[in-house]
Amino acid sequence: MTVLGTRTGVRIRRDHVAVLVTLGLLVAMFTAGSIAYPAFGSGQVVIDLFIDNGFLLVIAIGMTFVILTGGIDLSVGAVAALSAMLCAFLLERWHWPVAVVLPLVLLVGAGIGFAMGYVIHHFEIQPFIATLAGMFLARGLCFVISVNQISIKNPFFTEWAQTRIPLPGDMNLTPTVLIALAVLAAAFWTLHYTRFGRGVYAVGGNAQSALLMGLPVTRIRIGAYVVSGLCSALGGVLFAFYTISASGLHAVGTELDAIAAVVIGGTLLTGGSGYVLGTVLGVMLLGTIQTLLRFQGTLSSWWTRIAIGALLLLFIVLQRLLGSSRPGR
Amino acid sequence: MPGAVLEMAGVSKGFPGVRALEGVDLRLYPGEIHALMGENGAGKSTLIKVLTGVHQPDAGEVRLGGTPVSVTGPQHAQALGISTVYQEVNLCPNLTVAENVFIGREPARAGMIRWREIRRRAGELLTRLHVDVDPGALLGSCSLAVQQLVAIVRAVDVSAKVLVLDEPTSSLDRDEVEQLFAVMRRLRDDGVAVLFVSHFLDQVYDVSDRMTVLRNGRLVGEFRTAELSRADLVGHMTGRALSTLEQLHVTGESARVQAEPVLRARGVGRKGAIEPFDLEIHPGEVVGLAGLLGSGRTEAARLMFGADAPDSGTVTLSGDPVALRSPRAAIGRGVAFCPENRKSEGLVEDLTVGENIVLALQAAAGWLRPLSQSRRQELVGRYIEALRISPADPDMPARNLSGGNQQKVLLARWLITRPKLLILDEPTRGIDVGAKAEIQKLVVSLAGDGVAVLFVSAELEEVLRISHKIEVLRDRRLIAEVANTAEITPEGVLEIIANGTTS
């Protein structure tokens, strides 16, 4: 029998390499920080990363779905701001109960995602354009609701913001972290153990093939934007928990942070390759840079942006290099 | 003989302006490999599309196991037991082999995919068809042949009554084709009816039991492969005798060996693509590049056109040293290049035939100096006629043409610029015997007019038929240059490829 194909003992896949590079960078940065600032190397700093970036993590997870299908969602920051705004407005002005407001807000986020996905799929509009429109729409609606910042005095929210769950070793975390981790677990399970999740990868790999293989491409592609919309809305709610306020100026540029986190986490912008766990590492890396700058104290916070930009460039070049070394014919 | 598993009776299908099929019958029996033959535009693709439900027939019916069915689409066809594997592998390169076999119908428990089960069953399927590949490997890391086999494995696992293979061998080398045939024979022995579409006569004779021949959308007949000679088959397909093919053979002594070569390459190479090589092409000379798939044929051709920049060496065109850094520079020097992949690298499918033809000329003239309408019409008309592009309608969108005619449009595009050196990369791949002979004839007559031609082809017979000189490549290295004399045979060239020398 002739031997065809490749059988290698240890399979190092290019999508793994990207994630491992991010992990290595994160560990290196953390070690360096711990050496420079003794207070840096504590468990609480790690937990704080999640507390401060929980909302970004949730949004970036949604973004991962979209990017895996080969799309992009620029509306996430605006949708997050809108859902925070909607929360604040319904709770504070109309005094609706939390049990109604929260599901409603999530539904609105998913609805916006659905609308964008529908337009992108059925009218074959570039995701960049369709979600840019979604972004302007959502951002505009924020200001329709209220031009000024609304602070949230709802007891559920204020209590939530103050809740600390104690952990052994004098550490504590917030419910936000738990929610973010639950979203992460659900996303991981969805992507790797459901047909929808595998479909997301297939569509990102080759949408035409996916269609010919009989996959419900329409449902999958729109579904990815629904997931992203839902995650954005949830991220917005978490952001409202975090700041106990809402404003049309909140979460500006979050879409770019989310995209950066996803890309740094090793997901290919062309779709089909990447892991939600990589996205976590990407968010952590962004958070670590911020924390490091805070410990350093003298550098302006704009250096975060510069660092993110440099990292992004590095990772896109890395993707390119890894991509071109693939055996292709 | 058991009853036919699938019958198509009196199938007709028309498109605006074209009668694609006219009363065609096709019978497929379980446990046989049936070849569907015909030139480009004969209606093979349309017939397959009717069979798989992409098109609905205007008349006639499809019977499956004796009962008439109306196939509404590829999904429905699959559900009925008719699976198709296309020339382009329609799988996802970013997923594993196992997942590609099962995606869309993964075994799951309570909505949770059972990966172990997938890997196990994929392994079993692959073993059963003797495809030796790790089910956990990424599909994109496998060779095209393996990808094709995986597509077949997927197809037969979905449903195993009728398997349609639409030109599966176009991109495979000899060993890979053998591997594919082994799988096809195994499936046949399992009772699957295999419909095999191919342009390679040798392959059809190698593997098929019976064949149906179409010409111009009509059924010519159904034949037992063993009872039909090749000459008769070609006659049936083209409607004319084989003589056009035979009269072509050019001998190595004719033409060339005058003064200055059109192209002289010295030590030109590119890391990872092809090692440095020397090459000379004289006016009126056809130089063939022969070698197996992946031997560096295309890479060498691309360097000569500036599509890739060489790392080393010098190129002289008509005596002037030039730096071929971009196709633009090459075009400016009278070099034309017909790429291998006509769909993605050459033809603009949305433009009309006429627009495609004048594209390069217009580019050479500059966009600010449009060609006059009358000059354009005259040029386009002349080349459509000279190359016998059919239908001879300059306003037809290029996508509606058959493969062979698309290739002619591309050729016309470059010929119109009156190149000194014409590089043809697999100009006859995936097109039928008749069109092939025409293109070959055209190349020979171009050389007769003094054009230098660099001809790249996977088919040795073809290279031998029209080249004056053959450059043999192996493993990304030019290993030999042989004058194409009467003693050179395809076997001889294969021997050079295998051993590096003639025996």
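Residues numbered from 1 in each chain as written. Chains lettered and ligands numbered in written order. Predicted model: local features only at pLDDT ≥ 70, side-chain atom pairs only at ≥ 80, totals over all residues. Heavy atoms only, no water.

### Side note on the environment of A:Ala224
All names here are of chain A. Counting through the fold element by element, Ala224 comes out in helix 10 (residues 217-243). Judged by relative accessible area, Ala224 falls into the buried class, the value being 0%. Once the C-alpha coordinates of Ala224 and Gln162 are considered, the two residues, 62 residues apart in sequence, prove to be 33 Å apart. Residues within four places of Ala224 in sequence aside, it is in contact with Phe65, Val66, Thr69 and Phe196. (Helix = DSSP H or I, 4+ residues; strand = E, 2+ residues; numbered from the N terminus. Buried < 20%, exposed > 50% of the residue type's maximum accessible area, 1.4 Å probe, protein only. Contact = heavy atoms within 4.5 Å.)

### Looking at empty space enclosed by the protein
All chains considered together, the criterion is met by one cavity of 30 Å³ or more. A volume near 230 Å³ is recorded for the largest cavity. A:Leu212, B:Gln78, B:Thr84, B:Val85 and B:Tyr86 are, among the 18 residues lining the largest cavity, the residues nearest its centre. Contributions of two or more residues to the lining of the largest cavity are made by helix 2 (74-80), strand 6 (82-85) and helix 5 (144-158) of chain B. Examining the composition of the lining of the largest cavity, we find that four residues originate from one element, strand 6 of chain B, more than from any other. Looking at the lining of the largest cavity residue by residue, the class counts come to 11 nonpolar, five polar and two charged. (1 Å grid on protein atoms, 1.4 Å probe; cavity = no way out; pocket = protein on both sides within 12 Å on 5 of 7 lines; lining within 4 Å. Points joined across faces, edges and corners; volume = space filled by probe spheres on them. Nonpolar A, V, L, I, M, F, W, Y, C, P; charged D, E, K, R; others polar.)

### Observations concerning a nonpolar patch on the surface
Residues and elements named next belong to chain A. The grouping of Phe114, Tyr118, Val119, Phe123, Ile125, Phe128 and Ile129 at the surface amounts to a nonpolar patch, some 650 Å² of accessible area in total. When contributions to the nonpolar patch are tallied by element, the ones reaching two or more residues are helix 4 (98-122) and helix 5 (127-145). In terms of residue count, helix 4 provides more of the nonpolar patch than any other element does, three residues in total. One can find Phe128 in helix 5. Exposure remark for Phe128: the relative accessible area of 46% places this residue in the partly exposed category. (Patch = residues over 30% accessible without salt bridge, like charges linked within 9 Å, V, L, I, M, F, W, Y side chains within 5 Å. Areas by Shrake-Rupley, 256 points an atom, 1.4 Å probe, with all protein chains shown as cover. Salt bridge = Lys/Arg side-chain N within 4 Å of Asp/Glu carboxyl O.)

### Concerning the UniProt feature "transmembrane region" (unreviewed entry) in chain A
All names here are of chain A. Sites flagged by UniProt as "transmembrane region" (unreviewed entry) map to residues 17-40, 46-67, 74-91, 97-120, 132-152, 172-191, 222-242 and 302-322. Note that residues 17-40 is 83% helix and 0% strand, and that its end C-alpha atoms are spaced 27 Å apart. Structurally, residues 97-120 comprises 96% helix and 0% strand, and the distance from its first C-alpha atom to its last is 35 Å. (UniProt positions renumbered as here; feature names shortened; annotations may be inferred.)

### Section: the confidence of the model for chain B
Residue and element names in this part refer to chain B. Across chain B, the average pLDDT comes to 82, with 92% of residues at 70 or higher. This stretch, residues 242-247, has a pLDDT under 50; its non-local contacts, to residues over four places away or in other chains, come to seven contacts. Contacts from residues 249-256, a stretch scored under 50 in pLDDT, to residues over four places away or in other chains number 18 contacts. (pLDDT = per-residue confidence, 0-100.)

### Things to note about the packing of aromatic side chains
All names here are of chain A. The tally for this structure, following the rule as stated, stands at 17 aromatic pairs over all chains. Ring centres of Tyr118 and Phe123 lie 6.4 Å apart, and the angle between their planes is 70°; this geometry places the pair in the edge-to-face category. Residue Tyr118 is classed as partly exposed on the basis of its relative accessible area, which comes to 35%. Look at Phe123 and you get exposed, because its relative accessible area is 55%. Here a set of aromatic residues connected by ring pairs shows up, and it is made of Phe30, Tyr37, Phe40 and Phe295. (Phe/Tyr/Trp six-rings, centres within 6.5 Å; stacked < 30°, edge-to-face > 60°.)

### A short note on the interface of chain B and chain A
If you look at the interface, chain B gives 38 residues, while chain A gives 30 residues. In total, about 3,100 Å² of surface goes out of reach between chain B and chain A, with carbon and sulfur atoms giving 54% of it. The tally of links from chain B across to chain A stands at two salt bridges. Linking B:Glu99 and A:Arg198 is a salt bridge whose minimum nitrogen-to-oxygen distance equals 2.3 Å. Counting across the interface, chain B meets chain A through eight residue pairs in polar contact (both at pLDDT 80 or more). Here the side of chain B that touches chain A gets five residues from one element, more than from any other, and that element is helix 5 of chain B. Split by residue class, the side of chain B that touches chain A holds 17 nonpolar, 14 polar and seven charged. (Buried area = accessible area lost by both parts, 1.4 Å probe. Polar contact = N/O pair within 3.5 Å; in protein donor to acceptor, adjacent residues only side chain to side chain.)

### With respect to the side chain of A:Ser228
Note on placement: A:Ser228 falls in helix 10. Contacts of A:Ser228, omitting those with residues within four sequence positions, involve A:Gly62, A:Met63, A:Val66, A:Asp73 and A:Val76.

### Describing the confidence of the model for chain A
All names here are of chain A. On average, chain A scores 88 in pLDDT, and the residues at 70 or more come to 94%. Low confidence marks residues 1-10, where pLDDT is under 50. Its contacts with residues over four positions away, or in another chain, come to 16 contacts. Note that residues 325-329 has pLDDT below 50 and, in this model, nine contacts with residues that lie over four places away or in other chains.

### Comments concerning the sheet that holds strand 20 (residues 452-456) of chain B
Residues and elements named next belong to chain B. Ordered by their spatial adjacency, six strands build an open sheet running 18-19-20-15-21-22, and the pairing between neighbours is mixed. For this open sheet the edge positions go to strand 18 (335-338) and strand 22 (477-483), each flanked by a neighbour on one side alone. The average undirected angle you get between the axes of adjacent strands in this sheet is 15°. Examined bridge by bridge, strand 15 (residues 286-290) and strand 21 (residues 469-474) share four bridges and lie parallel to one another. Paired with Ala290 across the bridge in strand 21 is Val472. Set on the sheet, helix 10 (residues 297-305) makes contact with strand 15, strand 18, strand 19 (421-425), strand 20 and strand 21; between it and strand 18 the angle comes to about 145°. (Pairing = 2+ DSSP bridges. Axes fitted to C-alpha atoms, helices over the stretch in contact; angles between N-to-C directions.)

### Some thoughts on helix 11 (residues 254-264) of chain A
Within an α-helix, residues lying three or four positions from one another point in the same direction, as the helix has 3.6 residues per turn. Residue and element names in this part refer to chain A. With 10 of 11 residues buried, helix 11 is to be regarded as a mostly interior element. Within the span of helix 11, buried status applies to Thr254, Glu255, Asp257, Ala258, Ile259, Ala260, Ala261, Val262, Val263 and Ile264. Following helix 11 by one or two positions, Gly266 has its phi on the positive side, about 95°.

### What about the environment of A:Glu92?
Residues and elements named next belong to chain A. Within the secondary structure layout, Glu92 lies in helix 3 (residues 76-92). Residue class for Glu92 comes out buried when judged on its relative accessible area of 18%. Apart from the residues within four sequence positions on either side, Glu92 is in contact with Ile150, Ser151, Ile152, Lys153 and Asn154.

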